[in-house]
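The residues making up each chain are set out below.
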Amino acid sequence: ASGSFGVSHMRRQLTGPRMAATAPSRGHVSMPRRRTYPLGSGSLRCKVEAGQERESSLAGGTGRRDFALVLSQLMVMGGVAVRKASAEEDGGNGNGNAVAAGSKYMAKVFFDVSVNEGETSRVVIGVYNDGLKGQERFLQLTEGAGPGLDYRRSLFTFIAPDKSFIKNAGVGSITGLGAREYTLAGGKSNRELLKELDGQARSHNKAGIVSLVVRNAEPPPPPTKKLVAEGGRLVEVEEQEKGYVEPNGSAFVVSREPAPSLDYTNLVIGEVIEGMDVIDKLSSLPTSKPKGKDDPFYKVGKSIGDSRAVFMSTRFGRPFARVQIVEAGKL
């Protein structure tokens, strides 16, 4: 018994220190350098190697995720830059819309014009992005705002004697046709457009300027006084001559050269982008000559607003050919 006790005691003394020396500490597991251990501690070596591989795989996964995140951000930023550059080139906002902050035009429109129902020629107009009611009204009439509120089938009825501009008559009524009443930008009267005209910053300083006729060049004749029955008694009232007609803000003019005289009567809303050659050809069409313009009876009748003299003035400069807008719309 004493011999067996001694042998086992000696075995514990021999093996105890060696086993204690070979026991790994926690600090060695996280060290990046690989450690080897004596035989008999294979399980520990496997655990250490597994821990190192797990740490490296986690580090690699984190790196890949970071790289993927940075790459995706670069792709997004690149896409935004491309869309922005495309929008600036097209004059839009990158979302398919024509209007963008700071863009020159709020829209681009077209007119297909025919002479005596022949082949059509296209004119493209850029509508300025100034935030004016007149510009909105022109765009509404180009697209069609209702029955009778459409530049389609409207006529060019005047060519200036010096060929400096041509005029489209616009629409007959700015409230439309039929039982339903429509309202264009600026309202039923010309009050808003007159305010914009008096404060406009643009001018007819070059060829291709497009503008709405808002005011007549000549002041209205003095109203006539008449006696009418009202409440069982005669009352004197003032009445404007029927022959005098104020513009309704739908007729428009296209200039062929600088025309500063139009700045008093016309509100600038855009400019011709393509098809200025079409405007030049239209301006060369033969027109009726104002033979009786210097007649003293005509001058007196025009000054007092005589309907015959007013009608006669509308025939001056009218092209003999039928110049019509066949199709119109927004590009």
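Here the structure is a predicted model, which is why all the values come from computation and not from measurement. All residue numbers refer to position in the chain's written sequence, counted from 1. Where local features are concerned, this predicted model is filtered to residues with pLDDT of at least 70; where side-chain atom pairs are given and counted, the filter is 80 or more; whole-chain, interface and lining totals use all residues. Side-chain figures throughout are based on the complete set of non-hydrogen atoms in the structure, without hydrogens or water.

### Overview of the packing of aromatic side chains
The aromatic pairing rule takes the rings of Phe, Tyr and Trp, using the six-membered ring of Trp, and pairs them if the centres are within 6.5 Å, calling planes under 30 degrees apart stacked, those over 60 edge-to-face and the rest tilted. Inspection of every chain in the model, using the stated rule, returns nine aromatic pairs. Note on Phe-138 and Phe-252: the rings are 5.6 Å apart at their centroids and 90 degrees apart in plane angle, and the pair reads as edge-to-face. Here Phe-138, found in helix H4 (residues 133-143), pairs with Phe-252, found in strand E8 (residues 252-255); they are 114 residues apart in sequence, far enough to count as distant. Type-normalised accessible area, obtained with a 1.4 Å probe on protein chains alone, sets the label of each residue: buried when under 20%, exposed when over 50%, and partly exposed for intermediate values. For Phe-138, a relative accessible area of 0% corresponds to the buried category. Helix and strand labels come from DSSP, where a helix needs a run of H or I of at least four residues and a strand needs a run of E of at least two; each type is numbered from the N terminus.

### Points about the confidence of the model for the protein chain
As a per-residue quantity, pLDDT reports the predictor's confidence and falls between 0 and 100. Within the protein chain, residue pLDDT values average 76, and 61% of them lie at 70 or more. We call two residues in contact whenever any of their non-hydrogen atoms come within 4.5 Å of each other. For the stretch residues 1-50, pLDDT sits under 50, and the model shows 21 contacts to residues farther than four places along the chain or on other chains.

### Quick look at the sheet that holds strand E4 (residues 165-168)
Strands sit in the order E3-E4-E8-E5-E9-E2-E1-E10 across an open sheet of eight strands; the sheet is antiparallel. What marks the edges here is a single partner per strand, and that holds for strand E3 (156-159) and strand E10 (323-330). Here the average twist between neighbouring strands, direction ignored, is 30 degrees. Note: strand E5 (residues 209-213) against E8, three bridges, orientation antiparallel. The pairing criterion for strands is at least two bridges between them, as found by DSSP. The convention used is that axes are lines fitted to C-alpha atoms, helices contributing only their stretch in contact, and that angles between N-to-C directions extend from 0 to 180 degrees.

### Things to note about the pattern of salt bridges
Salt bridges are counted wherever a side-chain nitrogen of Lys or Arg sits within 4 Å of a carboxyl oxygen of Asp or Glu. Applying the stated rule across the entire model yields eight salt bridges. Here Lys-104 and Glu-271 are joined by a salt bridge, their closest N and O atoms 3.0 Å apart. Note that Lys-104 is positioned in the loop between helix H3 (42-90) and strand E1 (105-115) and Glu-271 in strand E9 (residues 266-274), a separation of 167 residues in sequence. Close ionic contact of Arg-122 with Asp-112 constitutes a salt bridge, the shortest N to O distance being 2.8 Å. A residue pair is termed long-range when its members are at least 10 positions apart, and Arg-122 in strand E2 (residues 121-128) and Asp-112 in strand E1 qualify at 10 residues. The class of Arg-122 is partly exposed, set by a relative accessible area of 42%.

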